[in-house]
Amino acid sequence: MLEKIREGSQGPVAKIILGAVILSFALAGIGSYLGQTTEQPVAEVNGIKISQTDFNRAYQNERSRLEQQFGEYFTQIAADPNYMAQIRQGVVDRLVQQELQSQLAADLGLRVSDESVRKTILELPYFQIGEKFNNDRYLQVIRQMNFQPDAFREYLRKDMTRSQVVSAVAGTDFALESELKSAIALQQQTRSIEYVVVNKEALAANVEVSDQEVSDYYDLNASQFLSPELISVSYIELKAADINVESVTEDDVKAYYEQNKAQYVEPEKRRVSHILIDNSEDDDAAKEKANALHAQLEQGADFAELAESSSDDIVSGEMGGDLEWIERDVMDPAFEDAAFALENKGDISDVVTSEFGYHIIKLTDIQPQQVKAYDDVKADLRAELEQAEKIDAFYEKQTEMGALAFEISDRLDDAAEVAEVEVKSTPLLALNALPEPLNSPAVVTALTSVDLLEDKVNSEVIELGDEHAIIVRINEHKAAATKPLDEVNEEIKARLVNEKSSELAKEKARSLFAEVQAGKSLNDVANEQSLTLRQEAQLTRQSYTVSPAIVTQAFKMAHPADSAVVDLVNLNNGDAAIVALKSVTDAQVAANIDPQAKQSITMAQANKNYMVFIEALKANAELNLPTATQTVE
């Protein structure tokens, strides 16, 4: 039990590091930790299959990203099947796009040099401590993702090669000076307008709504007047954190330390350097080269200089082959056996064969096995023992309360008593308004089951998280039903008055617009109808003081010639307006265009062109996209 607790305590750190690196390398994911699959591919691009393994890895990465973004609200979001279906489809689309990019990069003969890969690794912030590359952290991170250095470099090389395609299309796009000036002139153009608004509220007093109209509207729109489904819930909640246990004594902690002292041993560590010769292309030549280098070392050659000039592990080679500290069970077995067989600092191994090629290993330092002192770990031990007691008590209570809730299914008092918790209840609430912990998807699913709704029995034990469980029952249930007409009569009247007054406003605006078209000035129309004539001498596209509908229409209207151009606009709130465009003023664009404005326009154009480019790749590709995408939830 305590070993599981200790392992779990290390989990979040690994997950945070893993999540950070995954986000930096996009949805493709890294590593092969999900294994292989014989399932049907989720897509096929020009004969290349995108496997369920690739999809599941990318989907889980995207899901993790969303969980970090939305926190506890993600559980509610994920309960919407339509939303999650969109997420899955988006992952498939991105994987297809990436495969198209990879294939185009191969067709174009694009390559990424070893030096570029090495430079990128050294600059990635996830491998740095104090803004400097740290080889130990680098090895730690990639091992957590089931990577050896060679395999990681090849993954990164593929990702960087694909990025070359993006840079070639989006990064080389540009806008001509004339295009920039034209775009800026349009963006900064101002227009002089005057307008009157026919307000529906001013006409509402003239609107009458009969009882028959209300009744007819109610009959035709009955589904809009449903009262929500309501339930009153009783529940008992059990958490290990809330359980009181007997205090752990100092003797208990010391006894546990002595019984488990082996767990507090810091294993022997060795600091080693190596020279790697890759044998993936020509094994005989690689072996011959490794033996030649070993011979040079025996004759007194400097190990660090040979590693920098000859090692195929370009990252460690840059630092004289240094791999920093290693422990058992983290490297290739053959490599480890040779490294731990060396006896003294400065010793050099024979040529060692591993799955990555041929190594020559040098021992540079030794840290003997050490045992952590009792005083250094006793606080952690006490916390572990107390947590272990709470967890044991939790599962014992959960079993007992679950059994009693099943045996005595018409109440929760007995189960609450054995679990030493209180029965809590809610008033009648809508399902979407339930408080925590009742608003979790698992609980809502149980509350909508036939057994709980109709038979009014206790639910099974519902697990909400680690050592957190709940049992619920429904006290009272009111099904969704159409509200009576008397209850919604005033609401319907208000709707009908709003609709009729809006129609009157539009009708009046059309009539006044006709008068303006016939030659009457907008000012005269406003005076005759006691309407306010509003003016905007320098209306911009970003104006927030004028209705968006008026701004949009004003910048769609043709430039006036001898007289103002007039148009009719229906506003989003149900009002109507008559707009007269009096003049247009083009912006004077400076000879030296603002760099930020230039970048903004160029980026907008590049993004647009890049999406056209991707669609062109899809149009010319043979795509097989199944309609249903499965995943491991």
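Residues numbered from 1 in each chain as written. Predicted model: local features only at pLDDT ≥ 70, side-chain atom pairs only at ≥ 80, totals over all residues. Heavy atoms only, no water.

A. Seen up close, the overall build of the chain. Counting its regular elements, the chain contains 22 helices and 22 strands. With the C-alpha coordinates aligned to their principal axes, the bounding extent of the chain is approximately 105 × 80 × 50 Å. Counting across all 633 residues of the chain, residues that qualify as buried make up 38%. Restricting to contacts in the chain with at least 6 residues of sequence separation, those with at least 24 account for 73%. Carbon and sulfur atoms make up 47% of the accessible area of the chain, which amounts to about 35400 Å² in all. Distance between charge centres in the chain, computed from 58 positive and 109 negative side chains, equals 5 Å. (Helix = DSSP H or I, 4+ residues; strand = E, 2+ residues; numbered from the N terminus. Buried < 20%, exposed > 50% of the residue type's maximum accessible area, 1.4 Å probe, protein only. Contact = heavy atoms within 4.5 Å. Areas by Shrake-Rupley, 256 points an atom, 1.4 Å probe, with all protein chains shown as cover. Lys, Arg positive; Asp, Glu negative; His and termini not counted. Charge placed at Lys NZ, Arg CZ, Asp CG, Glu CD.)

B. Main features of the packing of aromatic side chains. In total, this model carries eight aromatic pairs according to the counting rule given. With a centroid separation of 5.1 Å and 80° between ring planes, the pair formed by Phe 127 and Tyr 138 is classed as edge-to-face. Within this pair, whereas Phe 127 is found in the loop between helix 5 (114-123) and strand 3 (128-129), its partner Tyr 138 is found in helix 6 (residues 135-144), the two being separated by eleven residues in sequence. Accessibility classification places Phe 127 together with Tyr 138 in one group, the buried group. Geometrically, the ring pair formed by Tyr 218 and Phe 225 is stacked, given 6.1 Å between the ring centres and 25° between the ring planes. One aromatic cluster is present, formed by Phe 127, Phe 133, Tyr 138 and Phe 152 through successive ring pairs. (Phe/Tyr/Trp six-rings, centres within 6.5 Å; stacked < 30°, edge-to-face > 60°.)

C. Structural view of a negative patch on the surface. Together, Glu 246, Asp 251, Asp 252, Glu 389, Asp 392, Glu 396 and Glu 400 make up a negatively charged patch on the protein surface. Counting only elements with at least two residues in the negative patch, the list comes to helix 10 (250-259) and helix 15 (374-407). Here the element with the most residues in the negative patch is helix 15; it accounts for four residues. With respect to the helices and strands, the residue Glu 389 is situated in helix 15. For Glu 389, a relative accessible area of 33% translates into the label partly exposed. (Patch = residues over 30% accessible without salt bridge, like charges linked within 9 Å, V, L, I, M, F, W, Y side chains within 5 Å. Salt bridge = Lys/Arg side-chain N within 4 Å of Asp/Glu carboxyl O.)

D. Focus on helix 14 (residues 333-341). Among the residues making up helix 14, those that are buried are Phe 335, Glu 336, Ala 338, Ala 339 and Phe 340. For helix 14, the secondary structure elements touched by its buried residues are strand 9 (269-277), strand 10 (322-326), strand 11 (352-354) and strand 12 (357-367).

E. Structural detail: empty space enclosed by the protein. Overall, the coordinates contain one cavity of 30 Å³ or more when judged by the stated rule. What the largest cavity holds in volume is close to 120 Å³. Taken together, 14 residues line the largest cavity, and the ones lying closest to its centre are Gln 148, Pro 149, His 274, Phe 356 and His 359. When residues of the lining of the largest cavity are traced back to their parent elements, those giving at least two are helix 7 (149-171) and strand 9. Among the residues making up the lining of the largest cavity, the classes are represented as seven nonpolar, four polar and three charged. (1 Å grid on protein atoms, 1.4 Å probe; cavity = no way out; pocket = protein on both sides within 12 Å on 5 of 7 lines; lining within 4 Å. Points joined across faces, edges and corners; volume = space filled by probe spheres on them. Nonpolar A, V, L, I, M, F, W, Y, C, P; charged D, E, K, R; others polar.)

F. Structural context of the packing of helix 4 (residues 81-107) against helix 22 (residues 595-619). Across the interface, helix 4 lies against helix 22 with an axial gap of 10 Å and an inter-helix angle of 80°. Between helix 4 and helix 22, the crossing angle belongs to the class labelled roughly perpendicular. In this structure, helix 4 uses Gln 97, Leu 100, Gln 101 and Leu 104 to contact helix 22, whose residues at the interface are Tyr 610, Phe 613, Ile 614, Leu 617 and Lys 618. Taken together, the residues that form the contact of helix 4 with helix 22 break down as six nonpolar, two polar and one charged. (Axes fitted to C-alpha atoms, helices over the stretch in contact; angles between N-to-C directions. Parallel < 35°, antiparallel > 145°, perpendicular 65-115°, else oblique.)

G. Looking closely at helix 15. In this model, helix 15 (34 residues) spans 48 Å end to end at C-alpha, consistent with the 50 Å of a helix rising 1.5 Å per residue. Of all the bends in helix 15, the greatest measures close to 30° and is centred on Asp 380. (Expected span 1.5 Å × (residues − 1). Bend = angle between axes of the 7 residues up to and from the residue.)

H. Spotlight on unusual backbone geometry. Note that the residue after Glu 436, namely Pro 437, is joined by a cis bond; omega there is 0°. With respect to the helices, strands and loops of the structure, Pro 437 is situated in the loop between strand 15 (429-430) and helix 17 (441-447). One non-glycine residue with positive phi stands out, namely Lys 456, at about 55°. Relative to the elements of secondary structure, Lys 456 occurs in the loop between helix 18 (450-454) and strand 16 (462-465). In this structure, Ser 530 is a non-glycine residue whose phi angle is positive, near 55°. With respect to the helices and strands, Ser 530 occurs in the loop between helix 20 (522-528) and strand 19 (534-539).

I. Focus on the sheet that holds strand 11. Taken together, the four strands give an open sheet; going across it, the order is 10-9-12-11, and neighbouring strands pair in antiparallel fashion. Edge positions in the sheet fall to strand 10 and strand 11, since each of these pairs with one other strand and no more. In this sheet, neighbouring strand axes are inclined to one another by 40° on average, regardless of whether the strands run parallel or antiparallel. Note that strand 9 and strand 12 share nine bridges and pair antiparallel. (Pairing = 2+ DSSP bridges.)

J. Structural detail: the nonpolar core. Core analysis: the largest hydrophobic core is formed by 27 residues, its most contacted members being Ile 121, Phe 127, Tyr 138, Val 272, Phe 335 and Ile 361. Elements represented by at least two residues in this core include exactly helix 5, helix 6, helix 7, helix 13 (314-317), strand 10, helix 14 and strand 12. When neighbours within four sequence positions are excluded, Tyr 138 is seen to be in contact with Ile 121, Phe 127, Phe 133, Pro 149, Phe 152, Arg 153 and Val 315. Phe 55, Tyr 59, Ala 105 and Leu 617 belong to the second largest nonpolar core, which has 24 residues in total. (Core = buried A, V, L, I, M, F, W, Y, C linked by side-chain atoms within 4.5 Å.)

K. Structural view of the side chain of Glu 237. By the element assignment, Glu 237 lies in strand 7 (residues 230-239). The class of Glu 237 is buried, set by a relative accessible area of 18%. Among the polar contacts made by the side chain of Glu 237, one reaches the side chain of His 468 at a distance of 2.6 Å. With residues up to four places along the chain from it excluded, the contact list for Glu 237 reads Val 421, Lys 424, Pro 437, His 468, Ala 469 and Ile 470. (Polar contact = N/O pair within 3.5 Å; in protein donor to acceptor, adjacent residues only side chain to side chain.)

L. Examining the environment of Ala 185 more closely. For Ala 185, the location among the structural elements is in helix 8 (residues 177-188). Note on Ala 185: relative accessible area 19%, which makes it buried. Separated by 345 residues in the primary sequence, Ala 185 and Ser 530 have C-alpha atoms spaced 38 Å apart.

M. Molecular detail of the packing of helix 8 against helix 22. Running from N to C, helix 8 and helix 22 cross one another at 100°; their axes reach a closest spacing of 10 Å. Put simply, helix 8 runs roughly perpendicular to helix 22. For the pair formed by helix 8 and helix 22, the contact residues are Glu 179, Leu 180, Ala 183, Ile 184 and Gln 187 on the first element and Ala 597, Lys 598, Ile 601, Thr 602 and Gln 605 on the second. Residue composition of the contact of helix 8 with helix 22, grouped by class: five nonpolar, three polar and two charged.

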